[in-house]
Amino acid sequence: MRNRLLFLFTSTALFTTALHAEVKPNPLFSDGAVLQRDQKLPVWGTARDGETITVEFQGQKATTIAADGKWSVLLDPLKAGGPFSMNVTGENTVTIQNLLVGEVWIASGQSNMNLVFSSAHNHPDEAPKANYPEIRTFKVKVVVSAAPAEEAIGNWVACSPETVKDFSAVGYYFARDIHRKLGVPVGLIHSALGATPAQAWTSEAGLKSDPMLDEYVQNIRERTENFAAATAAYPAALAKHEADLKTWEETIGKAHKEKLAIWEATSALAEQNNQPLPRRPSPASRPPKAPKPPEGVSTDPAVLFNGMIAPLIPYGIKGVIWYQGESNRDKSAQYSTLFSSMITDWRSRWKQGDFPFLYVQVAPYADMTPEIREAQFLTIGKVKNCAMTVTTDVGDAKDIHPRKKEPVGQRLAIAARALAYGEAIEYSGPLYDSMKVDNGKIMLQFKHTGGGLIAKDGPLRGFTIAGADKKFVPANAEIQGDTIVVSADGITHPVAARYGWANVPDVNLYNKEGLPASPFRSDTE
């Protein structure tokens, strides 16, 4: 028995050594990848310490020596094109095939970025048209991590009518329009997860950048201090949970299923007879809650940055598209600080300058308060080279996941054409700039008026006005050039105006380029 164990130990050690000796590119550099054009390109991976690694690509040859099990080289800027092959050589050679060079964007955020193309409102009509082999996506597997991970799990998939169903809907429409406009390959690295707050996507260092975010830093500190004890206790807690869950399912859960079956039959009969439906039964108690893993859960600070963003750095990218905010609506006053800290954090770590960061203002929904949209609006004034896509006209009061994703992707692409590619076009809807009071009326000034302000489908809607008592009433609003004049009967000394200040605003201010204005209030503290 002792000799058998010794053999197993020796075999395992040799196998492990062999694995470490094998040169391996990072999974981002795999068949079908899209590489960023026109900028220095990092390529990296793992190998045995001291192993000489050579990367050959498009006439370039870069050599380095692996240290601490890692290697990295920097290729000179590349021109768009492909498909190409890359050779990575150490004690073995890895050939990466079908590589394209073009534009690479990170697509991140929560469920509205994660919503797949097959759930979009027009997917039956658009799917047959989605034959774009030069649009490719790398969907990062969800990983919650207490420390920065080194490798993202995923693979590159080319866009076709068959594969597009699993693409991010917003990401697809964005990539499609960029590809059509520029005529070059487009790669999307899709790293998103539903029901997640921005603090989960921000590193510990990023959260330390502002005292307003100290609660998240303290959370990380406590998690770190308790990590060893939590790790030791977790297996027993998990085993107890599984036993408790089994007991619950065999008793309360089983009884609940029986009641549900009766309820469904009774409801079907009531519906046939046009009678009121009976009340749906609830279980006598909820299932036992699973113990929290030592590394945390997806809503904890920094864990998604560690697991799903850190392993992407420093892959060459052009910029980021972002759709998130719903999970921070209960702390909207903090969100502008948190969000701007996150953007700055990502840029500082990528070390590719202030790359364009294009984000979506959360859509109208019955439980979505206007303060979170305001926080996103205020971020534009805090962080340069950002653009905000407004969605007041494509929301759904009854669904936090509105299905009209094509306009969202299109508007993000318009912003990219301006900020990332230097096209002289208007890329934003009107944004409130300033106000003054004149003869009992408020004169509102805007940025991004484009070719001029317009009211879509009738007179302007959605404006309110208040006097010193701060009681807002519906206002008359008129467009006078690039100014909107707001007034109301009975308010002779107005002090503030608002637009679209509701969970589900009824608004219709646009510029002539067809981009909607952001909701705002002039009385922001």
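Above this text is the structure in question.
Residues numbered from 1 in each chain as written. Predicted model: local features only at pLDDT ≥ 70, side-chain atom pairs only at ≥ 80, totals over all residues. Heavy atoms only, no water.

Colleague: Help me understand helix α9 (residues 332-350) in this model?
Modeller: Side chains that are three or four residues apart share a direction in an α-helix, a result of its 3.6 residues per turn. End to end, α9 covers 27 Å across 19 residues, agreeing with the expected 27 Å (1.5 Å per residue, within 8%). With respect to burial, α9 is a largely interior element, 15 of its 19 residues being buried. Positive phi appears at K351, one or two residues downstream of α9, with a value of about 55°. (Helix = DSSP H or I, 4+ residues; strand = E, 2+ residues; numbered from the N terminus. Expected span 1.5 Å × (residues − 1). Buried < 20%, exposed > 50% of the residue type's maximum accessible area, 1.4 Å probe, protein only.)

Colleague: Just to check I follow, could you spell out the packing of aromatic side chains for this structure?
Modeller: What describes a pair of aromatic rings is the distance from one ring centre to the other and the angle between the planes of the rings. The full count for this structure, using the stated rule, is 27 aromatic pairs. Look at W44 and Y315: their rings are 6.5 Å apart centre to centre, the planes differ by 75°, and that puts the pair in the edge-to-face class. Pair noted here: W44 is in strand β3 (residues 41-46) and Y315 is in the loop between α8 (303-309) and β12 (319-323), with a separation of 271 residues, a long-range link. Classification of W44 as buried rests on a relative accessible area of 12%. Ring centres of F117 and Y172 lie 5.1 Å apart, and the angle between their planes is 75°; on these two criteria the pair is classed as edge-to-face. Of this pair, F117 sits in the loop between α2 (111-114) and α3 (123-126) while Y172 sits in helix α4 (residues 169-182), and the two are 55 residues apart along the sequence. The class for F117 is buried, based on a relative accessible area of 1%. Overall, Y172 belongs to the buried group, its relative accessible area being 0%. (Phe/Tyr/Trp six-rings, centres within 6.5 Å; stacked < 30°, edge-to-face > 60°.)

Colleague: Got a minute to help me understand the pairing of strand β9 (residues 132-139) in this structure?
Modeller: For a regular strand, side-chain orientation follows a simple rule: the groups alternate between the two sheet faces. As paired strands, β9 and strand β10 (residues 156-159) are joined by four bridges and run antiparallel to one another. Bridge assignment links T137 to a residue of β10, and that residue is V157. Here β9 runs beside strand β11 (residues 186-192); their pairing, made up of five bridges, is parallel. Residue pairing in the sheet places I135 in a bridge with V186 of β11. (Pairing = 2+ DSSP bridges.)

Colleague: What am I meant to see in empty space enclosed by the protein here?
Modeller: If you roll a probe as big as a water molecule over the atoms, it shows you where there is empty space left. Applying the stated rule across the entire model yields two cavities of 30 Å³ or more. The calculated volume of the largest cavity comes to roughly 50 Å³. Forming the walls of the largest cavity are M388, T389, V390, R411, Y427, S428, G429, L515 and P516. In the lining of the largest cavity, the residues fall into five nonpolar, three polar and one charged. Space inside the second largest cavity adds up to approximately 40 Å³. Around the second largest cavity, the lining residues are N112, Y323, E326, V362, A363, P364, Y365, M368, D399, I400 and P402. Considered class by class, the residues forming the lining of the second largest cavity number eight nonpolar, one polar and two charged. (1 Å grid on protein atoms, 1.4 Å probe; cavity = no way out; pocket = protein on both sides within 12 Å on 5 of 7 lines; lining within 4 Å. Points joined across faces, edges and corners; volume = space filled by probe spheres on them. Nonpolar A, V, L, I, M, F, W, Y, C, P; charged D, E, K, R; others polar.)

Colleague: Just checking my understanding: could you explain unusual backbone geometry for this structure?
Modeller: Excluding glycine, residues mostly have negative phi values, and the peptide bonds linking residues are mostly trans. The step from G82 to P83 runs through a cis peptide bond, and the omega angle for that step is 5°. By the element assignment, P83 lies in strand β7 (residues 81-89). In the segment running from I313 into P314, the intervening peptide bond is cis, with an omega of 15°. When you line up the elements, P314 lands in the loop between α8 and β12. With a phi angle near 50°, Q58 is a residue other than glycine that sits in the positive phi range. Here Q58 lies in the loop between β4 (52-57) and β5 (60-65). Q58 gets classed as partly exposed once you look at its relative accessible area, which sits at 44%. Phi at N439 takes a positive value of approximately 55°, unusual for a residue other than glycine. Relative to the helices and strands, N439 is located in the loop between β15 (431-438) and β16 (441-447).

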